[in-house]
Amino acid sequence: MAVLTSETDRTDILNRLRRAEGQIRGVQRMIEEGESCLKVGQQVSAVRKALDSTYLRMTMCYLQQELSNCLGPEDLQNPGLDNLLKEMESLLARIN
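Now for a look at the structure at hand. (Residues numbered from 1 in each chain as written. Predicted model: local features only at pLDDT ≥ 70, side-chain atom pairs only at ≥ 80, totals over all residues. Heavy atoms only, no water.)

Time to look at the environment of arginine 29. Along the chain, arginine 29 falls in helix α1 (residues 7-32). Exposure remark for arginine 29: the relative accessible area of 46% places this residue in the partly exposed category. (Helix = DSSP H or I, 4+ residues; strand = E, 2+ residues; numbered from the N terminus. Buried < 20%, exposed > 50% of the residue type's maximum accessible area, 1.4 Å probe, protein only.)

What follows concerns helix α4 (residues 79-95). Counted at 1.5 Å a residue, the expected span for α4 with its 17 residues is 24 Å, and the 25 Å between its end C-alpha atoms agrees. Capping of α4 at its N-terminal end is provided by asparagine 78; its side-chain oxygen lies 2.6 Å from the backbone amide nitrogen of glycine 80. (Expected span 1.5 Å × (residues − 1). Polar contact = N/O pair within 3.5 Å; in protein donor to acceptor, adjacent residues only side chain to side chain.)

All right, on to the side chain of arginine 57 then. Along the chain, arginine 57 falls in helix α2 (residues 37-70). Polar contacts involving the side chain of arginine 57 include one to the side chain of aspartate 12, which spans 3.1 Å.

For glycine 80, the location among the structural elements is in helix α4. Exposure remark for glycine 80: the relative accessible area of 39% places this residue in the partly exposed category.

Counted under the stated rule, the structure contains 7 salt bridges. A salt bridge links arginine 16 to aspartate 12; the shortest N-O distance between them is 3.1 Å. Of this pair, arginine 16 and aspartate 12 are both found in helix α1, 4 residues apart, which corresponds to roughly one turn of the helix. According to the relative accessible area criterion, aspartate 12 is partly exposed, its value standing at 24%. (Salt bridge = Lys/Arg side-chain N within 4 Å of Asp/Glu carboxyl O.)

Take the packing of α1 against α2 next. At their nearest, the axes of α1 and α2 sit 9 Å apart, and the two run at 165 degrees to each other. Taken together, the axis directions place α1 and α2 in an arrangement best described as roughly antiparallel. Crossing geometry of α1 relative to α2 is assigned as left-handed. (Axes fitted to C-alpha atoms, helices over the stretch in contact; angles between N-to-C directions. Parallel < 35°, antiparallel > 145°, perpendicular 65-115°, else oblique. Left-handed = near helix turned anticlockwise from the far one by under 90°.)

Below, the structure written as structure tokens:
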């Protein structure tokens, strides 16, 4: 089972989730206060985007971590691998 071993990645992902949590609380407050469906919908869309972005970041962290477990240090320095990871991230971002 893979866990987030990078403190930087863990902090980034937790911060993203905390922001999304705040946005969700804001949506709840908007509904309680009777805000228009359009405005609530816009905020829900923003929450979805934030969660999609967090999922993408988590997926890339997992991929990088697993590759580092499978490859040697010299392989990780390969520019081709770095380009591949950037392209993968770009492709995954388009799906969401």
